[in-house]
Amino acid sequence: MPISSRFVVRSTILLLGVGFLTLLGIVATTIWLSERAQYSFSEVVEARETRGASVELRTALQTAESSQRGYLATGNEIYLAPYATAKAQTMRHFSTLKRLLANEASFTVLLDRLEAVIGQKLKEMDDAVAFKSALRERDALAVLQTNRGKALMDEANLFLSGIIRRTDDRLTAAVVEQRANAAWLRWVTVLGGLVIVLVVGGVTILTLQYAREVVQARDEVHALNASLEERVKIRTADLALARDRAEMLVQEVNHRVANSLAMVSSMVQLQARALTDQAAKDVLSETQARIYAIASVHKRLYTSKDVRVVDLDAYLAAVLDQLAVTLKNEGGGASLRYTIEPLKMPTDRSINLGVAITELVTNAFKYAYPDGNGEVRVKLASLKNGSAELIVEDDGIGRNENALAKGTGLGTRIVHAMASNMEAKIEYLERARGTAARIVFPLKEAA
Amino acid sequence: MLRVLPALCALLFAGVVSAQDGPQGITTPVVLPSFDPSAPSCSAPPGLQKILTFAQDNERQFMQGVAKGLAAAAKDRGFQFRVVLANNDPRLMIEQVQAQLADRAGAVVAAPVHPPSLAPLLQQVIWSGAYVGTVVPPPAVTLLNAPQYLTGRVLAEAAAAYIRGRLNGKANVVLLTHDSLQFLSPRFAAMRDVLQDMPGVTIVADISPLTVNKEGGLNMMRTILIAHPDVDVVLGADTVVLGALQALREAKKSRPDQFLGGIDGEPEAVAEIKSGNSPYKASVSLSSPVFGYALGQFAADWMAGKSVPQAMDILPSLLTQANIAQYEADFENPGAVFTDPNRRDAYLKMYGNICFDTRDRYVNFPWSSERK
C-alpha cells in the first residue's frame with residue numbers, strides 16, 4: 001500500500017520523538033548512575049577506612065600481647081617499648097574506629113563492649129607486667145593461667161571481626177553496586193544506541209520508501225503524460241481531419257448552394273428575357289439581383305477558410321459590381337461608386353446586409369435619376385461602439401414621404417425585414433439633393 | 001576460681017610428696033594395643049570393700065548418665081554404690097575421694113573438677129589396690145576418653161552435609177569451644193578441618209564461653225550476636241549450644257533452617273531434636289550410661305582379679321530424629337548394650353590390659369587413641 005505524505009510526516013515525527021526520548025533517557029540514566037556511583041565510592045572509602053582502623057586495632061592489640069608475653073617469658077625490658085607503643089596505638093585506633101562508626105547506631109553496643117574488653121585486656125596485661133617487674137613470677141603466671149587474657153583477646157577479636165565482616169559486606173555491596181551501575185550504564189547505552197539506530201533506520205527506510213514511491217509516481221505521471229500527449233496528438237489529428245472534412249463539406253455545400261442559386265438566377269434571367277412585359281421583366285430582374293446577392297455570399301463562403309464570417313469588402317464589392325452590370329444592361333444610366341471598409345461579419349447577417357444593399361442600390365438606380373444620369377454611392381464604415389454604418393445615397397430627386405410608392409413596395413419591406421434580422425436601425429437622412437439611407441448595425445450578434 | 005588456686009597448689013605439692021610412695025605409672029605417652037578379653041587373671045586386691053564410688057564434678061546430664069550406668073553395674077555385680085557430688089568444688093572433691101580412700105572403697109570412678117589437684121590423690125587410691133576409673137584426665141587404671149577429633153569430625157560432617165544440602169553451601173558458623181579442658185581441643189580442630197574445606201563457610205566466632213554450661217553458652221551467644229547478628233550454624237558441647245539456642249530465641253534470630261549441633265547427647269538437646277522444628281538438628285552422643293556401666297563392670301572385674309582395659313574410647317554416635325529411639329533405649333538399659341558384643345563395639349573401644357598385679361602400669365599421661 002502506498003504511503004501518504006501525512007503518514008510519512010507523522011511517522012517521522014513519532015520516530016524522532018522516540019529517538020529524542022531515548023537520548024533524554026540515556027542522559028538522565030547516566031546522571032542518575034553517576035550519582036549512585038559517587039555514593040558507592042563514598043561508601044567504599046568510608047568502609048575502607050573503618051576496616052583499616054579495625055585491622056590496625058587488632059594488630060596493635062596482638063603486638064601488645066606478644067610484647068607482654070615476651071617480657072613475661074624473658075624478663076627482658078626491651079619488650080616493654082613495643083608494648084607501650086602498641087598500647088598507645090590501640091587507644092588511638094580505637095578512637096578512630098569510634099569516630100568512624102559514631103553515626104552507626106547498630107555499632108553502639110558493640111563499641112561499648114569493645115571498649116570495656118580493651119580496657120580489661122590492657123589492665124590484665126599491665127597487671128602481669130607489674131607482677132613480673134616486682135619479681136612476683138608466680139603471681140604473673142597465675143594471671144596467665146586464668147586464661148582471662150585469652151578470653152578477652154578472643155572477645156576483642158569477636159567484635160573486631162564483626163566490624164570487619166560487616167565493613168566487608170558494605171565494601172562488597174558498594175563494589176557490587178558500582179559494578180551494577182557500570183552494567184546498567186553499558187546496557188542503557190547499548191539499548192539506547194540500538195533504539196536510536198532503529199529510529200534512524202526507520203526514518204531512513206520510510207524516507208527511502210517514500211522517495212521511491214514519489215519517483216515511481218513521477219515516472220507513472222510522466223508515462224501517463226506521454227501517453228496523454230500521444231492520445232491528444234492522435235485526437236487532434238482526428239479532429240483536424242474531421243474539421244477538414246467538415247470544412248470541405250461546408251465548402252461543398254456552399255459551392256452547391258451558390259451554383260444552385262446561380263442556376264436559379266440564370267433561370268430567372270432566362271425567364272425575364274422570355275417575357276415581353278417590361279414590368280414583369282423588371283420584377284424578375286430584381287429577383288435575380290436578390291438571388292445573386294445571396295448566392296454571392298455562398299460563393300464567398302466556399303472560397304473562405306472560415307465559414308462563420310464573411311469579409312464584407314470582398315463580398316459587397318462583388319455584389320455591387322454584379323448589380324451595376326445588371327442594372328446597366330437593363331438600361332440604367334446611373335453610375336455606382338462604393339467605399340467599403342474591410343470588416344468581418346457573421347454569415348447570416350452578411351446575407352441580410354447584401355440583400356438590403358441590393359434593394360437600396362436597385363431603388364436608387366430605378367428612382368433617383370428619372371433622366372438616367374447620376375451617381376449612386378455606397379459607403380460602409382465601422383463605428384466606435386462595435387457597430388457599423390451603411391449609407392446608400394444619391395444626388396437624385398429625393399424622397400417624398402407623403403407621395404405614393406412608385407413600385408410594389410416589396411423592396412422597402414425586404415430592406416426593413418433584413419434590417420430587423422440584423423438588429424439594425426434604418427433611417428433616411430435629409431439632404432439638399434437626393435436621398436441617403438443609413439443603416440446602423442452591430443458587427444456581432446448580441447450575446 | 002582465683003581464690004581457690006593457692007589451696008589447690010598446696011594440695012598439689014602434698015600429692016607430689018605422697019607420690020613417692022608408689023610407682024608413677026606410664027607417664028610417657030605410648031600407643032596401647034587393643035584390649036585382650038582373654039588375658040590371664042591375676043590376684044584380687046586384698047582388704048578392700050565392695051564399694052563403687054563415683055566422684056562426680058557436677059550434676060550435668062552427662063555425668064548423671066555416668067552415675068546411672070555405674071549404679072546399674074554395681075547393682076548387677078553386688079557392689080555398694082556411692083555418689084559424692086563436688087558441685088564443681090575441687091577442694092570438696094579431694095576431701096570426698098580422701099574419705100573413700102579411708103573407707104577402703106574398692107573402686108573409685110572420678111570426673112575431676114580440677115585434674116591436676118586430684119591426680120596425686122587418685123594415685124594413692126591406685127596404690128591402695130583399688131580400681132580407679134577416670135572420665136578423661138589421668139591417672140587411672142582405666143582411663144575413659146572419647147576420640148575427641150573423631151567426635152568433633154562426626155558433628156562437623158553432619159553440619160557440613162546440612163550446609164551443602166540446605167544452605168546452598170553458605171553459612172556463618174559459630175564454634176563454642178572449651179578452653180578450660182585442653183584435651184577437648186581436638187574436637188574443635190576437627191570442626192575447623194572439616195569447615196575450612198568449604199569456601200562458602202565463614203567461622204564468624206571461634207570462642208570459649210567463660211563457663212561451659214547453658215548459662216555460659218547463653219551469655220557468649222548474646223555477645224556474639226552483637227558482633228554477628230546473622231548466624232546459621234552453632235557447634236559445641238550440648239550445654240553451651242542449648243544456651244546459644246536460648247540466646248538466638250531471645251534475640252528472635254532463631255530459624256528452622258539453622259543447624260545447631262552439640263556433643264554429649266544431653267536430654268534437653270535430644271528433646272529439641274525430637275521436637276522436629278527446632279534449629280537443634282543433631283547431637284553427638286557419648287553415651288555416658290554405657291561407658292559408666294562398662295567402668296562399673298571393669299571395677300568389679302578388677303576386684304575379682306581379672307584383667308581390665310587400661311583405656312577405653314566412648315565412640316561418638318550422631319543422634320538425629322531417625323535414630324533417637326534406639327539411643328534412648330540404650331540410655332535406659334546400658335547393661336543390655338554391654339552384654340551384646342556388637343552393640344557394645346558400636347559404643348566402646350578398649351585398649352591395653354591391666355590387673356591388680358600389674359597396676360604399676362596404670363596410665364598417667366593424657367591418653368588418646370588419636371595420638372600419633
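Above: the structure in question.
Since the structure is predicted, the reported quantities are computational estimates derived from the model, not experimental observations.

Asks: Could you give an account of the packing of helix 6 (residues 278-303) of chain A against helix 7 (residues 312-329) of chain A, with specific residues and numbers?
Replies: All names here are of chain A. Where helix 6 meets helix 7, the axes come as close as 10 Å, and the angle between the chain directions of the two elements is 155°. The angle between the axes of helix 6 and helix 7 places the two elements in the roughly antiparallel class. Relative to helix 7, the crossing made by helix 6 is right-handed. Every residue of helix 7 that contacts helix 6 at Ser285, Ala289, Tyr292, Ala293, Ser296, Val297 and Arg300 is listed here: Ala314, Tyr315, Ala318, Val319, Gln322, Leu323 and Thr326. Residues belonging to the contact of helix 6 with helix 7 are distributed by class as follows: nine nonpolar, four polar and one charged.

Asks: Kindly report on helix 7 of chain A, identifying the contributing residues and their values.
Replies: All names here are of chain A. The first and last C-alpha atoms of helix 7 sit 25 Å apart over 18 residues, in line with the 26 Å expected at 1.5 Å per residue. Within helix 7, burial applies to Leu312, Tyr315, Leu316, Val319, Leu320, Leu323, Thr326 and Leu327. Each buried residue of helix 7 lies within a common arc of 125° when the element is viewed along its axis, so the set occupies one face. Seen from the buried face of helix 7, the exposed residues on the opposite side, beyond 90 degrees, are Val325 and Asn329. Buried residues belonging to helix 7 abut helix 6, strand 1 (309-311), strand 2 (335-340), strand 3 (344-346), helix 8 (347-367) and strand 4 (375-382). At the C-terminal side of helix 7, Gly331 shows a positive phi close to 100°.

Asks: An account of the sheet that holds strand 9 (residues 259-263) of chain B is requested, with residue identities and associated values reported.
Replies: Strand pairing in a sheet takes place through backbone hydrogen bonds and is either antiparallel or parallel in direction. Residue and element names in this part refer to chain B. One open sheet accounts for six strands, arranged 7-6-8-9-10-12; its pairing is mixed. Edge strands, defined here as strands with exactly one partner in the open sheet, are strand 7 (201-207) and strand 12 (317-319). Ignoring which end each strand starts from, the neighbouring axes of this sheet average 20° apart. Relative to strand 10 (residues 280-285), helix 9 (residues 267-275) is tilted by about 140°, and along the sheet it contacts strand 9, strand 10 and strand 12.

Asks: Account for the sheet that holds strand 6 (residues 425-429) of chain A, naming residues and giving values.
Replies: Residue and element names in this part refer to chain A. Taken together, the five strands give an open sheet; going across it, the order is 2-4-5-7-6, and neighbouring strands pair in mixed fashion. The sheet is open, and its two edges are formed by strand 2 and strand 6, each paired on a single side. Taken over all neighbouring pairs, the strand axes of this sheet differ in orientation by 15° on average, direction set aside. Alignment of strand 6 against strand 7 (residues 436-442), held across five bridges, turns out to be antiparallel. Pairing of Leu429 across the sheet is with Ala436, part of strand 7. Strands strand 2, strand 4, strand 5 (387-394) and strand 7 of the sheet are contacted by helix 8, whose axis makes an angle of about 20° with strand 5.

Procedures and definitions
- Residues numbered from 1 in each chain as written.
- Chains lettered and ligands numbered in written order.
- Predicted model: local features only at pLDDT ≥ 70, side-chain atom pairs only at ≥ 80, totals over all residues.
- Axes fitted to C-alpha atoms, helices over the stretch in contact; angles between N-to-C directions.
- Helix = DSSP H or I, 4+ residues; strand = E, 2+ residues; numbered from the N terminus.
- Parallel < 35°, antiparallel > 145°, perpendicular 65-115°, else oblique.
- Left-handed = near helix turned anticlockwise from the far one by under 90°.
- Contact = placed C-beta atoms within 7 Å.
- Nonpolar A, V, L, I, M, F, W, Y, C, P; charged D, E, K, R; others polar.
- Expected span 1.5 Å × (residues − 1).
- Buried ≥ 20, exposed ≤ 12 C-beta atoms within 10 Å, placed from the backbone.
- Arc of directions from axis to C-beta.
- Pairing = 2+ DSSP bridges.

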